[in-house]
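Residue-level structure breakdown
The chain contents come next:
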Amino acid sequence: MQGGSSGQASGTPAALAVPPRRGRVRAYLADHPLVMDWIVVAGAAFLAVPLFIEFALRGQLWQFVLLALEQIALLARRRSPWSVLVVTVAIDAALLYQSPSSSTLSAAIFFALYAVAVAVPALVAFGAALLASVPSSVYFAFVYTSPHGNQIPENARYVGLVAAVSLLLMNLLATGLGAWVRGTREHQAEIRAWALRRAELASVQERNRIAREMHDVVAHSLTVMVALSEGASKIVPRNPERAQEVLGELSRTGRTALADMRRVLGVLRETAGASLAPSPGTESLHALVEGFRTAGLPATLILEGSPPPADASFQLAVYRIVQESLTNALRYGRGVSRADVLVARQDGAVRLRIENDGAPPDGAAPHLGTGSGIAGMRERAALYGGTLRAGPRDGGGWVVETELQWTEAS
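Everything in this summary refers to the structure shown in the same document. Bear in mind the structure is a predicted one, so any value in this text is a computation, not a measurement. (Residues numbered from 1 in each chain as written. Predicted model: local features only at pLDDT ≥ 70, side-chain atom pairs only at ≥ 80, totals over all residues. Heavy atoms only, no water.)

Digging into the packing of helix 6 (residues 81–97) against helix 8 (residues 122–143)
A pair of packed helices is captured by two measures, namely the crossing angle of their axes and the spacing between those axes. Interaxial distance between helix 6 and helix 8 falls to 10 Å at its minimum, and their mutual angle equals 5°. Taken together, the axes of helix 6 and helix 8 are roughly parallel relative to one another. On helix 8, the residues touching W82, L85, V89, A93, L96 and Y97 of helix 6 are V124, A128, A132, P135, S136, V138, Y139 and V143. Of the residues belonging to the contact of helix 6 with helix 8, the class tally is 13 nonpolar, one polar and no charged. (Axes fitted to C-alpha atoms, helices over the stretch in contact; angles between N-to-C directions. Helix = DSSP H or I, 4+ residues; strand = E, 2+ residues; numbered from the N terminus. Parallel < 35°, antiparallel > 145°, perpendicular 65-115°, else oblique. Contact = heavy atoms within 4.5 Å. Nonpolar A, V, L, I, M, F, W, Y, C, P; charged D, E, K, R; others polar.)

The following block contains the structure:
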């Protein structure tokens, strides 16, 4: 059963920002609700085939039409679950009470109760199930007679009570299934919202860390450069060779400061919506991938060759490219069954390949979002002589790949 309104507990912007992970069949049905609606109608009609045959053989046209309308009413269960429940209960009661010897009910009421349970809190849904059971339970307990006439067997009332209780339990079971689905969806929405809140918090923490790094780079480098320049000016007359060494150290310090500033400013150019996390590195990649798995993305990490260079700035670039790629897969991919992260080092190059088999939502073009995330990844790759490709993957899905160059002079 796939029913009820979609507004349950997932209406927060954070929850809506990341669509739930589904299999291909469920993703297709979620993207084509009308198909699912007709599947539900067909299922309910199939379960009512004996009743259709009975009305047709007896020539009971208006009962046949009412039964057909009851099944078709299920098409509106997403938009108006309460109205559909009232209609199904009323038609079932009319069909039962018009023939006291009838013991066949339509299953449409089960689908209607499921839709209500998906749309409203469990306590309200179970109350509705009890009220919806009253007409048919009263019928079986006090009105139903033998189909062979008005002669009431000795155990007829007992059988009627058993049927009434059984019907009540089936209604409660359908309601319980809907309540369970609603609770599962709420839980998944909470997990996705939690993951996005953690990403936003990590972004703030990362920017604070970058501010500290900027202070350290500027304060330390400028202090050293000022001291070296003052020292060089004083010893030039007395020891020109020593002054030459000091000036060389001053030049190296300046180049190092410029490189650090360029990398820090490159990170600062990221938009406020970018997902960042502190302490990047090979061990952090394991934690990063595990965090995405917890949020619902089936990600795996493959490390080949020796570990990436220990340089913090280089590992920051690797970390951010992987993180942005997985974030896009989680945010935009539908029906993602696998997301593979490959980090392979060979000599002076580190190759990254992040791919998933998901499809864009609702068949949209693959260029989603503002594009600033991909632009930021390209900038990071360019800092280390790499070019980044992000686009559709052969066979469906999305791939991000680049090769970063590393030498001791980087």
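Now that the structure is up, let's keep going.
Focus on the packing of aromatic side chains
According to the stated counting rule, one finds four aromatic pairs in the structure shown. The interplanar angle of 65° and the centroid separation of 5.0 Å between the aromatic rings of F52 and F64 together place this pair among those described as edge-to-face. On the criterion of sequence distance, the pair formed by F52 in helix 4 (residues 49–58) and F64 in helix 5 (residues 61–72) is long-range, its members being twelve residues apart. Ring centres of Y139 and F140 lie 5.2 Å apart, and the angle between their planes is 75°; on these two criteria the pair is classed as edge-to-face. Three or more aromatic residues link up through ring pairs in this structure, and these residues are Y97, Y139 and F140. (Phe/Tyr/Trp six-rings, centres within 6.5 Å; stacked < 30°, edge-to-face > 60°.)

Brief notes about a nonpolar patch on the surface
Taken together, the side chains of F46, L47, V49, I53 and L57 make up a nonpolar region of the molecular surface, amounting to roughly 540 Å² of accessible area. Of all the secondary-structure elements, those providing two or more residues to the nonpolar patch are helix 3 (33–47) and helix 4. Considering every element that reaches the nonpolar patch, the biggest residue donor is helix 4, with three residues. Residue position: V49 is located in helix 4. (Patch = residues over 30% accessible without salt bridge, like charges linked within 9 Å, V, L, I, M, F, W, Y side chains within 5 Å. Areas by Shrake-Rupley, 256 points an atom, 1.4 Å probe, with all protein chains shown as cover. Salt bridge = Lys/Arg side-chain N within 4 Å of Asp/Glu carboxyl O.)

Points about the packing of helix 2 (residues 24–31) against helix 3
Across the interface, helix 2 lies against helix 3 with an axial gap of 5 Å and an inter-helix angle of 100°. With respect to each other, helix 2 and helix 3 are oriented roughly perpendicular. Between helix 2 and helix 3, the contacting residues are Y28, L29, A30 and D31 on the first element and P33, V35, M36 and I39 on the second. Here the contact of helix 2 with helix 3 is composed, by residue class, of seven nonpolar, no polar and one charged.

Some remarks on the sheet that holds strand 4 (residues 388–392)
Here we have five strands laid out as an open sheet, ordered 1-2-3-5-4, and mixed in their pairing. With one partner strand each, in any of the chains shown, strand 1 (299–304) and strand 4 form the two edges of the open sheet. This sheet shows a mean twist of 10° between the axes of neighbouring strands, independent of strand direction. Here eight bridges tie strand 2 (residues 339–346) to strand 3 (residues 349–356), and the two strands are oriented antiparallel to one another. Residue pairing across strands places L342 opposite R353, the latter belonging to strand 3. (Pairing = 2+ DSSP bridges.)

Concerning helix 4
By the burial criterion, the buried members of helix 4 are L51, F52, E54 and F55. Down the axis, helix 4 shows its buried residues gathered within 160° of arc, on one side only. Relative to its buried face, helix 4 has exposed residues pointing more than 90 degrees away, namely P50 and L57. G59 sits one or two residues past helix 4 and shows a positive phi near 70°. (Buried < 20%, exposed > 50% of the residue type's maximum accessible area, 1.4 Å probe, protein only. Arc of directions from axis to C-beta.)

Overview of the environment of L247
Looking at where L247 falls in the secondary structure, it is placed in helix 10 (residues 240–268). Judged by relative accessible area, which is 41%, L247 ranks as partly exposed. Each C-alpha atom, one on L247 and one on A232, is 6.6 Å from the other, the two residues being 15 residues apart in sequence.

Focus on helix 7 (residues 108–119)
Relative to the 16 Å expected for twelve residues at 1.5 Å per residue, helix 7 spans 17 Å between its end C-alpha atoms, a close match to the ideal helical length. Counting buried positions along helix 7 gives twelve out of twelve residues, so the element sits mostly inside the fold. When we look at burial in helix 7, the residues that qualify are A108, I109, F110, F111, A112, L113, Y114, A115, V116, A117, V118 and A119. (Expected span 1.5 Å × (residues − 1).)

Considerations on the side chain of T175
Along the chain, T175 turns up in helix 9 (residues 156–235). When residues no more than four places from it in sequence are discounted, the contact partners of T175 are L113, A117, A125, F126 and A129.

What to know about the nonpolar core
In this structure, L285, L297, L326, L352 and L388 are the most contacted members of the largest nonpolar core, which totals 33 residues. With nine residues, the top contributor of residues to this core is helix 12 (residues 312–332). Those residues in contact with L326 that sit more than four places away from it in its chain are V289, F292, L297, A299, V341 and I354. Listed in part, the 32 residues of the second largest apolar core include V41, V84, A125 and A132. (Core = buried A, V, L, I, M, F, W, Y, C linked by side-chain atoms within 4.5 Å.)

Observations concerning the pairing of strand 5 (residues 398–405)
Summarising the sheet, strand 3 and strand 5 pair through eight bridges and their orientation is antiparallel. From the neighbouring strand, R351 faces strand 5, where its bridge partner is E403. Counting the residues between successive antiparallel strands, the hairpin from strand 4 to strand 5 contains five residues, one of them, G395, with a positive phi of roughly 90°.

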